[in-house]
Amino acid sequence: MLLVLLDTPQPLSLREIANRIPGYPSGRDARRQAFERDKRLLRDEGVPLLVEPIGGEDQLGYRVDPSHYYLPDLGLDPEEQAALNLAVAGVHLGDPSGVDALSKLGATGESPLRPLVDTPLVDLPSVEALPALSGLFEAVRLSATATFEYRGAPRQVDPAGLRFRGGHWYLVAFDRDRAEGRTFRVDRITSTPSVGPAGSAQLPAGFDPESAFSAEPWRFGAGDVIAVDVLVDPVEAGRVVAELGAGAVTERRSSGAVVVRLSVTDMGALVTWVLGLLDHGEVLGPPEARAAVIDRLETLVGAGEGSGGAS
Amino acid sequence: MTTVARDVGTRLRRLLAILTWLAQVGETPIEVAAARFGLEPDALVAELEMAACCGLPPYTPDQLMEIVVTDTTVSAHLGEMLARPRRLSAREGFALAASGRALLAVPGSDENGALSRALAKLDRALGGESMVIELDDPSMLGVVRRALETGNQLQIEYYSASSDEVSSRRIDPLRLFAGDGHWYVDAHCYKAGDERRFRVDRIQAAEILDDVASGPREAAEGAEYEPFVPGPDIRTVRLALDPSVAWVVESIPAVTPPEQTGDRIEVDVAVGGDAWLKRLLLRLGTAARVVGPPEAASLLGDAAGQILDRYRRSQPG
């Protein structure tokens, strides 16, 4: 089918396509079904299938525009090609897309995709487990709107970029309904994003993906920003500073402990994070943040007693 | 239906890759071509024969593709239309951009700048400028890499999150990798007398020793990444989870499939240390309950009490 569609300067109707492909089902419904399957297959493979109105009873015609089908020459020199090969070999995405891409780029024979032993490997989350990812990438690339379901609600966004931090992929985008920049965790997107036409996305003038991005769970709330100070003991100080960045540190004590300041919009998420430090972390203030931690702990002390050994 | 479509997609993609490659390299021994694409020779021949006898429009077969299979070799000649490389699918474009950027995020991975240049060319043609990949950069990463490069032993101070203790260990680093958003080093640990996985951001101090790493190293190659490697002191704890936190099952080392009991989900979890379980329970709060064993049921209350003590002691005046 691909060959037929590439070869035609005029869009072909479904009937014409079926006539040119030996073995295509002749029954109307079976033909339509086979065609829908093939169409989806081609689109999944990145083949730009154009749908154009044609005259006559069939109304719609299909063709593939060769200028969009073929890869433009990237002009990679051998050194650059080798660097890309190494990247694909050293970064695990859980599927062979990277290797497929390289073979399209013409990485043939001689440079086997063998990772170097002393090169650190990077495991990114499996693309299989994040089906939304490639659609979002396409949306960003085409400056197209994306519509998807997130935390049980539909969202329509103008995507600005994809970002990986702390083990998770995020989409930074302008949320049309909320009329502001938002960060979405890709693994919480529960539907396959539908991507609008190329160029349909319109980011507001001066939209800054950097300031719209936040991977910190305590910043996902909608409330006012509260500055919370957390004291972290030496055993966890290094890790926490690496996680938050040195800019968050407001005080370094001689013991090795640090005080970090966090901008919090979701107090519940902050409490959860602080409790993950066990007794190596303590909210110093403001009082309402301390009270939120103490409140949660008191509930849990009670809950622990209540359920202990119950049978 | 979806599964079938994906299988067909995989085959189509592979077939096009094989044909494009064959057209470029010319006549090739069957074994060589099969090995390159990870196929048995018979399977390769079967794929090519299938391609040769179907899917061709009746009016221009010769111009489009000619496949020749002899007893020992295969070759393909493609019309101009198929010989030119195809555009990348969204998934392939994503894979290239992500792989390149992930490696670029590894400190010191692109000293001659070739990877950056390659990515810039990719971006111009395919988009992808707006993808950002950050890997964490723990302070001890550099010293661990140096030890791995020189093959020397390391003396480390390590905070174990599962036991909530700091210990001194002498290790032979075997493999360094980033996964799950963190850097890990697999090493032979002389204290444990076995291989252990250490999170680099939990190494509080590290010193390169003069001794050359000499422990067993067979596990260094081919070890697959798994965020959780069961140690010897594993015990099983059964949790009952509220459906609102059912997602946690995906990110904890469950040893049995979750079971629905009433309005709760019960799951057996492999626990490497009390501190790990305390963190999990504190995080889940009242949405999780320990079913058993009984000694684990008191952990949450104890942990909460211990932290509460800290707050009471330090009550600001």
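Definitions and cut-offs
- Residues numbered from 1 in each chain as written.
- Chains lettered and ligands numbered in written order.
- Predicted model: local features only at pLDDT ≥ 70, side-chain atom pairs only at ≥ 80, totals over all residues.
- Helix = DSSP H or I, 4+ residues; strand = E, 2+ residues; numbered from the N terminus.
- Buried ≥ 20, exposed ≤ 12 C-beta atoms within 10 Å, placed from the backbone.
- Contact = placed C-beta atoms within 7 Å.
- Axes fitted to C-alpha atoms, helices over the stretch in contact; angles between N-to-C directions.
- Parallel < 35°, antiparallel > 145°, perpendicular 65-115°, else oblique.
- Nonpolar A, V, L, I, M, F, W, Y, C, P; charged D, E, K, R; others polar.
- Pairing = 2+ DSSP bridges.
- pLDDT = per-residue confidence, 0-100.

J.: Give me the lowdown on the environment of B:Ser160, citing residues and values where you can.
T.: Residue and element names in this part refer to chain B. Tracing the sequence through the fold places Ser160 in strand β5 (residues 152-160). The exposure class assigned to Ser160 is partly exposed, which follows from the 19 C-beta atoms found within 10 Å. As a C-alpha pair, Ser160 and Ala275 span 115 residues in sequence and 9.1 Å in three-dimensional space. Setting aside its immediate chain neighbours within four residues, Ser160 contacts Glu165 and Ser167.

J.: Go over the packing of helix α7 (residues 132-141) of chain A against helix α6 (residues 90-104) of chain B with me, naming the residues and quoting the values.
T.: Put simply, α7(A) and α6(B) touch, their axes get as near as 8 Å, and they point 85° apart. On the basis of the axis angle, α7(A) is roughly perpendicular to α6(B). Packed against α7(A), whose contacting residues are A:Leu133, A:Ser134, A:Gly135, A:Phe137 and A:Glu138, the element α6(B) presents B:Ala90, B:Arg91, B:Gly93 and B:Phe94 at the interface. In terms of residue class, the contact of α7(A) with α6(B) is built from four nonpolar, three polar and two charged.

J.: Tell me what's going on with unusual backbone geometry, and back it up with residues and numbers.
T.: Residue and element names in this part refer to chain A. Pro286 follows Gly285 through a cis peptide bond whose omega is 0°. For Pro286, the location among the structural elements is in the loop between β13 (281-285) and α11 (287-307). One non-glycine residue, Ala179, lies in the positive phi region at around 55°. Tracing the backbone shows Ala179 in the loop between β7 (168-175) and β8 (180-185).

J.: I'd love a proper account of the pairing of strand β10 (residues 235-241) of chain B, names of residues and values included.
T.: Residue and element names in this part refer to chain B. In this structure, β10 lies alongside strand β12 (residues 264-271), joined through seven bridges in antiparallel fashion. Opposite Thr236, over in β12, you have Ala270 as the bridge partner. Looking at chain direction, β10 and strand β13 (residues 288-292) are connected through four bridges and run antiparallel. For Leu239, the partnering residue across the bridge sits in β13 and is Val290.

J.: Tell me about the pairing of β8(A), and please be specific about residues and values.
T.: All names here are of chain A. Inspection of the sheet shows β7 paired to β8 by six bridges, in the antiparallel sense. In the sheet register, Ala173 faces β8, and the bridge partner there is Arg182. In this structure, the hairpin formed by β7 and β8 is closed by a connection of four residues, where Ala179 is found at a positive phi of approximately 55°.

J.: Describe the confidence of the model for chain B, and please don't skip the residues or the numbers.
T.: Residue and element names in this part refer to chain B. For chain B, per-residue confidence averages 77 on the pLDDT scale, and residues scoring 70 or more make up 78% of the total. Ranking the elements of chain B by mean pLDDT puts helix α4 (residues 61-64) last, at 46, and β5 first, at 91. Low confidence marks residues 1-6, where pLDDT is under 50. Its contacts with residues over four positions away, or in another chain, come to three contacts. Across the whole predicted complex the pTM is 0.69, and at the interface the ipTM reaches 0.71.

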